[in-house]
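# Chain and residue survey
These are the residues of each chain, in order.
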Amino acid sequence: MADIARVGVVGCGLMGSGIAEVCARAGLDVVVAEANPGAVKAGTARIVASLERAVARGKLSPEERAAALDHLTVTDRLERLADRDLVVEAVAENEAAKVEVFTRLDGIVRRADAILATNTSSIPVIRLARATSRPEQVVGLHFFNPVPVLPLIELVPSLLTGAGTLERAAAFATGPLGKEVIRAQDQAGFVVNALLVPYLLSAVRMVESGLASAEDVDRGMVLGCAHPLGPLALADLIGLDTTVAIAESLYHEYKEPLYFPPPLLARMVDAGLLGRKSGRGFHRYP
C-alpha cells in the first residue's frame, strides 16, 4: 500500500534476512536492526549471498540485485527504526525476547499509525500487542522459509488489532511484496504450523522408536507422497530449536500429546544439532 514505503526489520537471521530481502527487492526503503556489529556483518552477508543465488538462477538481474542493495541498510541501532511505517519483528522464537522488542519499539517508532508486526510462528499475537501502548496497531505477519521463494503469509490479527491495521497489512503483503495471504485466528500455531508440527514430531518419534531411519522416513514421503522435502529434512531446514519452540508453544496452548516435543528432539537441541544452520541435524550438511 502506498503509505508503507519505509520498512523496518528486527533481526537478520534466516527469516529476518529473507523478509528484508523481499522488501528491498520490492523497492521499499528497508532498515534492518541487529543486536551487535558481528550480527550486522553476518546478516548482510546472508542477504548478499541470497541475492547472488537469485542472479545465478536467473531469477534476478545484476541491476535488480544492485537496486535491492541500494534500498537496504543493516545497523546495530534499534533507534534507526524510529521513522518506519511498518516494522516486522523477526527475532528468535522466544516470548520474552519478543516482548522486550515490542516494548522497545513502542518507545522508538514515532509514526502515530505505524504498524508493528511479528513474524512469530506460534506465539499468540495478543501477548506481544499488550507489551505496547498501541495494541490496535500490532498484527501477525508470518512469512515462510525461504521467504524469497515461498509465496505465503499468514495474516494474524489479535482481538485488539484495528480493522485499518489489518487492511493496510494485507495490502502491503499482496501489493508491493506480491504474496498470497491467508487469515488465521490468534491461536498458537495459526493454520500451517498447527497442521505441520504434529507431522514433523510424528516423524521424529518414528526414528526415536527405531521403526525407520531418518533417511528412509524422508525418502518415503518424498517418493511416496510427492513431498518436495521429507519431514526430517524440513525440520532441519526450519531449525530443530525453532521446531521445539513451536511445539512447546502449541502444547502449552492445547495440552494435546501430539504437540509435545519427543525426547530425541530435545536432546539434539541440547547437543547443538540444530539442522542446516549448524551443519548437522537429522542429516549432515556441508
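One can find the structure itself at the top, above this paragraph.
Residues numbered from 1 in each chain as written. Predicted model: local features only at pLDDT ≥ 70, side-chain atom pairs only at ≥ 80, totals over all residues. Heavy atoms only, no water.

### Focus: the sheet that holds strand β2 (residues 29-33)
- Reading across the sheet, the eight strands line up as β3-β2-β1-β4-β5-β6-β7-β8 and stay open at both edges, with mixed pairing between neighbours. Across the chains shown, the open sheet's two edge strands, defined by having one partner strand only, are β3 (72-75) and β8 (180-183). Across the sheet, the axes of successive neighbouring strands diverge by a mean angle of 25 degrees, strand direction being ignored.
- Where β2 meets β3, four bridges bridge the pair, whose relative direction is parallel. What sits directly across from Val32, in β3, is Val74. (Pairing = 2+ DSSP bridges. Helix = DSSP H or I, 4+ residues; strand = E, 2+ residues; numbered from the N terminus. Axes fitted to C-alpha atoms, helices over the stretch in contact; angles between N-to-C directions.)

### Considering the nonpolar core
- If you look at the biggest cluster of nonpolar residues, it comprises 38 residues, and the most contacted ones within it are Val30, Leu141, Phe143 and Phe172.
- Discounting chain neighbours no more than four positions away, the residues touching Phe143 are Met15, Ile19, Val88, Asn119, Leu152, Ile153 and Leu177.
- If you look at the next biggest cluster of nonpolar residues, it comprises 22 residues, including Leu105, Val125, Leu128 and Phe190. (Core = buried A, V, L, I, M, F, W, Y, C linked by side-chain atoms within 4.5 Å. Buried < 20%, exposed > 50% of the residue type's maximum accessible area, 1.4 Å probe, protein only. Contact = heavy atoms within 4.5 Å.)

### So, the packing of aromatic side chains
- If you walk through the whole model with that rule in mind, you get two aromatic pairs.
- Their ring planes at 75 degrees and their centres at 5.0 Å tell us that Tyr251 and Phe260 sit as a pair that is edge-to-face.
- The exposure class assigned to Tyr251 is partly exposed, which follows from its relative accessible area of 28%. (Phe/Tyr/Trp six-rings, centres within 6.5 Å; stacked < 30°, edge-to-face > 60°.)

### Examining the packing of helix α7 (residues 192-208) against helix α10 (residues 240-254)
- Viewed as axis vectors pointing N to C, α7 and α10 meet at an angle of 115 degrees, and their least axial separation amounts to 10 Å. Regarding the angle of α7 to α10, the classification is roughly perpendicular. For the crossing formed where α7 meets α10, the hand is left-handed. Here Asn193, Ala194, Val197, Leu200 and Leu201 of α7 lie close against α10, whose contacting residues are Thr243, Ile246, Ala247 and Leu250.
- The residue inventory of the contact of α7 with α10, partitioned by class, reads seven nonpolar, two polar and no charged. (Parallel < 35°, antiparallel > 145°, perpendicular 65-115°, else oblique. Left-handed = near helix turned anticlockwise from the far one by under 90°. Nonpolar A, V, L, I, M, F, W, Y, C, P; charged D, E, K, R; others polar.)

### With respect to the pattern of salt bridges
- Scanning all chains against the criterion turns up 17 salt bridges.
- The salt bridge partner of Glu93 is Lys98, with a shortest N-O separation of 3.7 Å.
- The buried category is assigned to Lys98, whose relative accessible area is 1%.
- Counted as one network, the salt bridges with shared partners bring together Asp3, Arg6, Asp85, Arg111, Asp113 and Arg168. (Salt bridge = Lys/Arg side-chain N within 4 Å of Asp/Glu carboxyl O.)

### Considering α7
- Over its 17 residues, α7 extends 24 Å from the first C-alpha to the last, a length consistent with the 24 Å expected when each residue adds 1.5 Å.
- All buried positions along α7 are accounted for by Asn193, Ala194, Val197, Pro198, Leu200, Leu201, Ala203, Val204 and Val207.
- Next to the buried residues of α7 lie β6 (138-143), α8 (214-225), α9 (231-238), α10 and α11 (263-270).
- Downstream of α7 by one or two residues, Gly210 has phi in the positive range, about 85 degrees. (Expected span 1.5 Å × (residues − 1).)

### Some words on unusual backbone geometry
- For the bond from Asn145 to Pro146, the omega torsion is 0 degrees, close enough to zero to count as cis.
- The residue Phe190 is not glycine, and still its phi comes out positive at about 55 degrees.
- With respect to the helices and strands, the residue Phe190 is situated in the loop between β8 and α7.
- The residue Lys255 is not glycine, and still its phi comes out positive at about 55 degrees.
- Note on placement: Lys255 falls in the loop between α10 and α11.

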